[in-house]
Amino acid sequence: MKRLAAIAALAAIATATACGTTETADTAGTGGIYTTIDGSKQIDATAPINPFNPQGSTFVGYDAMALAWPKNNLTDPNQFYPGIARSWTTTPDQGEVVVHLQPNARWSDGRPVTSEDIRTSIGLAYTQGGSAYTVNAGAAGAAADIQILDDKTIKVTQGANHSNVFLRNVLSTVVVPAHVYGSLLPAGFWTTLEAARGTGPAADKAKAAITGLAQKVITFAPREDVSAGPFVLERINPGAALLKKNPHFYDAARIVPDKVKVLNYTGNEQIWNYLVSGKLDSAPFTAVPAAVMAKIKEAPGNEIRKGYSPVAVSMAFNQARKPYDNVHVRRALAYLIDRNQVTKIASPEAGTPAVTTTGIHGSSAKAWLGDGLAALDPYKVDPAKAEQELRAAGMVKKDGVWAMPDGKPWKVRINVPASFSDWVAAAKSITSQLNDHGIEASVITSADYVLYLDELAAGKIDIGFWLMALGPSPYNIYQRLYGSANGWSLLAGQLRHSPPGKDGNWMGGPETIGGLNPGELTNRLNLASPAEQKRIVGTLARLTNQQLPVVQIYDYVNTQFVNTTRYNGWPPAGDESLRLPAGVWMQLGMIRKK
Amino acid sequence: MTVTAILPGGGGQGSRRASLRRNFWRGVGRVLRRKPSRILGVAIVALFAAMALVGPMLYPAHLPRDDNALYAAPSLAHPFGTDFEGTDVLALVVTGARYVILTGLVTAVITVALGTVLGLLAGFHRGRWDTVLMRITDLQLTIPGLPLLLVLSTVWKFQGPLEMGLVLGLLGWGGIARAVRSQTLSLRERGFIEAARGLGLSTTHIIGRELLPSMAPYIAMNMLIAVTGAIYAQVGLFFLGVLPFDSNNWGVMLNLAVFGGGALTSAAALPYLLAPLLAILLLTLGIVLIVDAMDEIFNPRLREE
């Protein structure tokens, strides 16, 4: 495996060099070649040129276009930059979304982008399931009707079970040309879709027919790239993908680079080396050790752009296991963890220590909670309080080591996936701190993230690291704590709670706490007005702070890299476009040749 | 062919054995002194053996950390610097030696024991025994070790060196079994075995007292080489991150230095990377130098030269 990795790395270097030597600035024209990486995936040169394929040879923001691009807002998930959609309107309850396409939008083969393309794209999205395009009857936020109003206008109507992220989900639709992908939808597809929205055997059969198309759509391999974005794929090899400017792009005048080279990588170390050598004009968020960051900053032209990243990392408890079913134990652990030290060790460049545990990223917590944030327990390091809490839980201390109430040894095992080096370092730091306070703690690693999630879902883990605060939608934020991982799931529009150990409920928290049902409150966030959302978020933040289903450790910082040697006009620090690919920055007219 | 058969007898059986032992160790001493590198090899292996035996006793159970000296450069206080938590890297290497060496030894013992027994039985009995045992050996040899270990690691956490050594040993005996069988096939046709058979000695006696001592040097050398193989295998698996985390494991140190500290990109974590590498290199060197000495100790022709 190591040998394969080495071969792949050598191949990557060789091919990257090849791309670099054959595409000089002269052959690329005055706009030059913009070099970057795709942070969402590694290049698989054999993958089809198909955005529905997770490994597909298309690149979001460059040759893969969405209707619109979400802004990185602290609290509002429904703010966007235009994409293929020039504008949109929605009813206050988001029951209807009317999308107006860019009047000059054309595919790279010269054909116009029409409402029929959007309808076909939506049909294909149904085969993949999820978000607005699901065939599950009664699912919140599912589209119920797609209507072409004219060649450049399309209306999407939400089903009876509303969600206030419907607009976001509709505008996130990836757009593909009907004249290339249309044949994937069989005749009568829309009638079958209508039938699938019902219940009973006929509906089940129709659902199976729709979802049965998923593989066919994913594996579909067009002969060439037909893009509505600013670039179109010219060629791809295992080391890099080369995209050339799409002359038919609706705003081609704004696009400065003549070509974009997307370099491949097999691990973060390669990205660090690209950055240290000043090779990349920009790179999305990459975890970087402090010493490597210093070297990156030394390279001529390299600059760092930091912004809000609605992701935090926490230490989550399996409350079905003793002694973590006892809130006093969870609080004691929170009082013993020095989050500043953990962050300094694990993620000094891309993390800030959590102010406290709210369930929300620190940057947006202030916006959601206002003064209420100060009223929450900050869980500062306090061994005395921890001791009180442990005694309240009935834990006993023998020879300076804490044990279970019955005197049996208490071994805290913190699980992390081995491939997440910052989590491994954080978990080690936490165990060292707990050991200092007489709690026997150790780190257990899982070979990879998928296996780790499987082990979590199977309830095999006492304590594990968990991504949370996935904003900006408040529903998405709290769904990480009071969603399927903690027993609550939506079935046919009805919220139900599964007991610990069933249906992926590994957190094992109680269904109600002091008369409050956190899962129900979270679900209401889907439908609530902004004012009501704020009230619910306040309640859930207090509940989370008191009950600690997780201990929030650090909030991620979106650390991006740009190089001012060849281009400028980069989004400033904290800009709402910072989490979008550089292709979108180009669409917004930001990137200029130096 | 056994040593007891060719050496002249002394007074009683006991004194003859004592004399043999004395002669043997004198010979060992002579062979070691002949090349200083061999003394160095013994010293290195003795050092690592001492590290494995008493290393963890030299430090507290939880190694001290300096929160303000993360990835500190080498100094008198920290000859190999500190790790991501401010823990002395030398302390990590010393306390980590026990796991690595114990795994290596367990692997070597299992590899050699299984390989020797099966090889001797197959070679001596031939016929059905040989067919069955060698087919099992072939089957074992076709099992790709690394992929199997990667798969196993998803269901088995390999909590200790004994478990790790057991698995590596069970995956590594095939080569030795084949080699021992070949040697046995050759030796069983020799006169002293024919004579033993003619005297009506039992199979156990012939295998245990006549054949096995003749192959002892070969087996001993294989055992030492198996230790190095096991060290590479386990450190490699820890480096890939497929085995459970243990901060003072040499493979984990390499992993964290490269992927967490960026040791291949910046110099800050380089001592953290080099310390376990140096330990592996030294230990391997020590074993190779001892194998060189053993070759001469057990090979009379080389000794005469």
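Residues numbered from 1 in each chain as written. Chains lettered and ligands numbered in written order. Predicted model: local features only at pLDDT ≥ 70, side-chain atom pairs only at ≥ 80, totals over all residues.

**Digging into the overall build of chain B**
Put simply, the rule is: Each helix is a run of H or I in the DSSP string that is no shorter than four residues. Each strand is a run of E no shorter than two, and both are numbered from the N terminus. Residue burial is a threshold on neighbouring C-beta atoms within 10 Å of the residue's own C-beta, all placed from the backbone, with 20 or more meaning buried, 12 or fewer meaning exposed, and counts in between meaning partly exposed. Once C-beta atoms have been placed from the backbone, residue pairs whose C-beta atoms lie within 7 Å are recorded as contacts.
The secondary structure content of chain B amounts to 13 helices and zero strands. Helices (α) and strands (β) of chain B occur, in sequence order from the N terminus, as α-α-α-α-α-α-α-α-α-α-α-α-α. In terms of overall dimensions, chain B has a C-alpha envelope of 75 × 45 × 30 Å along the principal axes. Considering chain B as a whole, with its 305 residues, one finds that 42% of them fall into the buried category. Excluding contacts between residues fewer than 6 apart, the proportion of contacts in chain B whose partners are at least 24 apart in sequence is 68%.

**Details of the overall build of chain A**
Note the threshold: Based on C-alpha atoms, the radius of gyration is set beside the globule rule, defined as 2.2 Å times the residue count to the power 0.38.
Scanning chain A from N- to C-terminus turns up 20 helices and 25 strands. Its C-alpha atoms give chain A a radius of gyration of 25 Å, within 12% of the compact-globule value 25 Å for 594 residues. By principal-axis analysis of the C-alpha atoms, chain A measures approximately 75 × 60 × 45 Å. Looking at the 594 residues of chain A, the share that counts as buried comes to 50%. For chain A, contacts bridging at least 24 residues in sequence account for 69% of all contacts bridging at least 6.

**Considerations on the packing of helix 11 (residues 250–260) of chain B against helix 12 (residues 270–298) of chain B**
All names here are of chain B. Put simply, the test is: Interaxial angles span 0 to 180 degrees and are taken between N-to-C directions of axes, which are lines fitted to C-alpha atoms, for helices over the stretch in contact. For classification purposes, an angle smaller than 35 degrees is called roughly parallel, one larger than 145 roughly antiparallel, one from 65 to 115 roughly perpendicular, and anything else oblique. Helix crossings are classified by the rotation of the near helix relative to the far one: an anticlockwise turn of less than a right angle makes the crossing left-handed, while a clockwise turn makes it right-handed. Side-chain classes are defined by residue name, with Ala, Val, Leu, Ile, Met, Phe, Trp, Tyr, Cys and Pro counting as nonpolar, Asp, Glu, Lys and Arg as charged, and the others, Gly among them, as polar.
As a packed pair, helix 11 and helix 12 sit with axes 8 Å apart at the nearest point and diverge in direction by 150°. In terms of orientation, helix 11 lies roughly antiparallel with respect to helix 12. Helix 12 is crossed by helix 11, and the crossing has left-handed handedness. Note on element contacts: helix 12 touches helix 11 through Y272, L273, P276, L277, A279 and I280, opposite W250, M253, L254, A257 and V258. Per-class residue counts for the contact of helix 11 with helix 12 are 11 nonpolar, no polar and no charged.

**Side note on unusual backbone geometry**
All names here are of chain A. The amide bond that connects K322 to the next residue, P323, takes the cis arrangement and shows omega of 5°. Its location among the elements puts P323 in the loop between strand 14 (302–317) and helix 11 (327–336). A cis geometry characterises the amide bond from G471 onward to P472, with omega recorded as 5°. Tracing the backbone shows P472 in the loop between strand 20 (463–468) and helix 17 (474–482). Phi is positive for Y379, which is not a glycine, with a value near 50°. Tracing the backbone shows Y379 in the loop between helix 13 (362–369) and helix 14 (383–392). One non-glycine residue, L548, lies in the positive phi region at around 50°. As for its placement among the helices and strands, L548 is situated in the loop between helix 19 (530–547) and strand 23 (550–563). Here L548 falls in the buried class, since 25 other C-beta atoms lie within 10 Å of it.

**Some remarks on the confidence of the model for chain A**
Heads up, the condition is: Each residue carries a pLDDT score, the predictor's confidence in it, ranging from 0 to 100.
With 95% of its residues at a pLDDT of 70 or more, chain A has an overall mean of 91. Here residues 1–26 of chain A scores under 50 on pLDDT; set against residues more than four positions off or in separate chains, the count is 31 contacts.

**Focus on the environment of V235 of chain B**
Residue and element names in this part refer to chain B. By secondary structure assignment, the location of V235 is in helix 10 (residues 203–240). Residues V235 and R65, 170 residues apart in the sequence, show an inter-C-alpha distance of 24 Å. When neighbours within four sequence positions are excluded, V235 is seen to be in contact with V100, W250, G251, L254 and I280.

**Brief notes about the interface of chain B and chain A**
A common way to state how big an interface is: give the accessible area lost once the parts meet. In this assembly, 27 residues from chain B lie in contact with 25 residues from chain A. Mapped by element, the contributors of at least two residues to the side of chain B that touches chain A are helix 6 (145–155) and helix 11 of chain B. When residues of the side of chain B that touches chain A are assigned to their parent elements, the largest contribution, four residues, is made by helix 11 of chain B. Tallied by class, residues from the side of chain B that touches chain A come to 14 nonpolar, 10 polar and three charged.

**Comments concerning the sheet that holds strand 12 (residues 259–263) of chain A**
Residue and element names in this part refer to chain A. Filter applied, for reference: Paired strands are those between which DSSP finds at least two bridges.
Strand order in this open sheet of four strands is 1-12-11-10, and the pairing throughout is mixed. Strands at the two margins of the open sheet, each flanked by one partner only, are strand 1 (33–37) and strand 10 (231–237). Strand after strand, the sheet turns through a mean of 25° between neighbouring axes, direction not considered.

**Regarding the environment of L254 of chain B**
Residue and element names in this part refer to chain B. Mapped onto the fold, L254 is located in helix 11. Look at L254 and you get buried, because 23 C-beta atoms sit within 10 Å. The spatial distance from the C-alpha of L254 to the C-alpha of A268 is 14 Å, given a sequence separation of 14 residues. When sequence neighbours within four positions are dropped, the list of residues in contact with L254 reads V235, F239, L273, P276 and L277.

**With respect to helix 5 (residues 127–142) of chain B**
Residues and elements named next belong to chain B. We apply this condition: For a helix, the expected span equals 1.5 Å multiplied by the number of residues minus one. It is the directions from the helix axis to the C-beta atoms that the arc portrays.
In this model helix 5 runs 22 Å from its N-terminal to its C-terminal C-alpha over 16 residues, within 8% of the 22 Å that 1.5 Å per residue would give. Taken residue by residue, helix 5 has L133, T137 and Q140 as its buried positions. The arc that holds every buried residue of helix 5, seen down its axis, measures 55°, which confines them to one face. In helix 5, those exposed residues whose orientation departs by more than 90 degrees from the buried face are G127, R128, T131, R135, D138, L139 and T142. Summarising the contacts, the buried residues of helix 5 are in contact with helix 4 (89–125) and helix 8 (174–187).

**Overview of the domain arrangement of chain A**
Residues and elements named next belong to chain A. Going by this rule: These domain limits were set by an automatic method or by a database of domain assignments.
Domains assigned within chain A are domain 1 (1–63 + 229–301 + 564–594), domain 2 (65–216) and domain 3 (309–473 + 544–556). Here the C-alpha centroids of domain 1 and domain 3 sit 36 Å apart. Listed as interface residues are six residues of domain 1 and, on the opposing side, five residues of domain 3. Looking at the side of domain 1 that touches domain 3 residue by residue, the classes come out as five nonpolar, no polar and one charged.

**Details of the sheet that holds strand 5 (residues 85–90) of chain A**
Sheet strands pair via backbone hydrogen bonds, and the direction of the pair is either parallel or antiparallel. Residues and elements named next belong to chain A. As summarised here, the arrangement of the four strands in space is 5-6-8-7, forming an open sheet in which the pairing is antiparallel. In this open sheet, the two edge strands, each paired with only one partner strand, are strand 5 and strand 7 (143–150). Neighbour-to-neighbour, the strand axes of the sheet open up by a mean angle of 20°, direction not taken into account. As paired elements, strand 6 (residues 96–101) and strand 8 (residues 153–158) share five bridges and run antiparallel to each other. Following the sheet pairing, V98 is matched in strand 8 by K155.

**Re helix 15 (residues 421–436) of chain A**
The terminal C-alpha atoms of helix 15 of chain A, which comprises 16 residues, lie 23 Å apart, in line with the 22 Å expected from a rise of 1.5 Å per residue. Where helix 15 of chain A ends, the next residue or the one after it, G438 of chain A, has phi of about 80°, a positive value.

**Some details on the pairing of strand 1 of chain A**
On a regular strand, each side chain points to the face opposite its neighbour's, so the side chains alternate between the two faces of the sheet. Residues and elements named next belong to chain A. By the criterion of burial, strand 1 is predominantly enclosed, with five of the five residues buried. A two-sided burial pattern is seen for strand 1, the buried positions comprising I33, T35 and I37 on one face and Y34 and T36 on the other. The pairing of strand 1 with strand 12 spans five bridges and is classified as parallel. Bridge assignment links I37 to a residue of strand 12, and that residue is L263.

**Observations regarding the packing of helix 3 (residues 36–58) of chain B against helix 4 of chain B**
Residue and element names in this part refer to chain B. Two numbers describe how helix 3 lies on helix 4: the axes approach to 7 Å, and their chain directions differ by 130°. When the axis of helix 3 is compared with that of helix 4, the two are oblique. With respect to the hand of their crossing, helix 3 and helix 4 are arranged in left-handed fashion. Residues F48, M51, A52, G55, P56 and L58 of helix 3 form the contact with helix 4, whose own contacting residues are V94, T95, A97, R98, I101 and L102. Tallied by class, residues from the contact of helix 3 with helix 4 come to nine nonpolar, two polar and one charged.

**Re the pairing of strand 18 (residues 411–417) of chain A**
All names here are of chain A. For clarity, the threshold we go by: The crossover handedness rule: strands pointing away from the viewer, path from first strand over the helix to second strand clockwise, crossover right-handed.
Counting buried positions along strand 18 gives five out of seven residues, so the element sits mostly inside the fold. Two strands pair when backbone bridges link them, and strand 18 and strand 19 (residues 440–446) are joined in this way by seven bridges, in the parallel orientation. Bridge assignment links P417 to a residue of strand 19, and that residue is S446. For the crossover that starts at strand 18, traverses helix 15 and ends in the parallel strand 19, the hand is right-handed. Taken together, the two bridges between strand 18 and strand 20 define a ladder with parallel strand orientation. What sits directly across from I414, in strand 20, is I463.

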